[in-house]
Amino acid sequence: MFSHIIYAEDPGITPNTDGLPGLPELRHMIGALLPFGLAVCVAVFVISAAAWGAASINGNAGYASKGKIGCLVAVGAAILISSANGIIRFFSGITIG
């Protein structure tokens, strides 16, 4: 099917923690964003649940569906935010070849 085979080669570059200044501060700022992101997910979940409930009471299936989707998106985002370190750690250890 394909006439060319592409091989992935190791470029020989490894991550280091002392290449640029400010890495501890950057880690501190990103660590502070995690609870903020979770708080936003909780707010979105509450708003979506309220919209879902109000739309269901009023018989508006379209808005009720949007509320359901909002709840699912908020839960999914919270799961991804909470497990971000583990996901990145897992995929950074994968080697090709």
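Structure report, in brief. By convention here, each chain's residues receive numbers from 1 onward along its written sequence. Residues qualify for local features only when their pLDDT is at least 70, as the model is predicted, and side-chain atom pairs are given and counted only at 80 or more; totals for whole chains, interfaces and linings, by contrast, use all residues. Only hydrogens and water are removed before side-chain values are computed, so all heavy atoms of the structure are retained for them.

On to the packing of aromatic side chains, then. Two aromatic rings, drawn from Phe, Tyr or Trp (for Trp, its six-membered ring), form a pair once their centres lie within 6.5 Å of each other, and the interplanar angle then sorts them: stacked below 30 degrees, edge-to-face above 60, tilted otherwise. Within this structure, the stated rule accounts for 1 aromatic pair. Here F90 and F91 contribute two aromatic rings whose centre-to-centre distance is 4.9 Å and whose plane-to-plane angle is 80°, an arrangement assigned as edge-to-face. With respect to burial, F90 and F91 carry one shared label: exposed. Type-normalised accessible area, obtained with a 1.4 Å probe on protein chains alone, sets the label of each residue: buried when under 20%, exposed when over 50%, and partly exposed for intermediate values.

A few words now on helix α1 (residues 23-58). Between its first and last C-alpha, α1 extends 52 Å over 36 residues, near the 52 Å set by a 1.5 Å rise per residue. Each helix corresponds to a stretch of at least 4 residues labelled H or I by DSSP, and each strand to a stretch of at least 2 residues labelled E; elements are numbered beginning at the N terminus. If you check which residues of α1 are buried, you get G37, C41, S48 and A55. Residue contacts follow a heavy-atom distance rule, with two residues in contact if any of their heavy atoms lie within 4.5 Å. Of the surrounding elements, those touching the buried residues of α1 are α2 (61-82). G59 occupies a position one or two residues after α1 and carries a positive phi of about 75°. Each helix should span, by expectation, one fewer than its residue count multiplied by 1.5 Å.

With respect to the element layout, S48 can be found in helix α1. The exposure class of S48 is buried, given its relative accessible area of 12%. In this structure S48 touches G67, G70 and C71, once residues within four positions along its chain are discounted.

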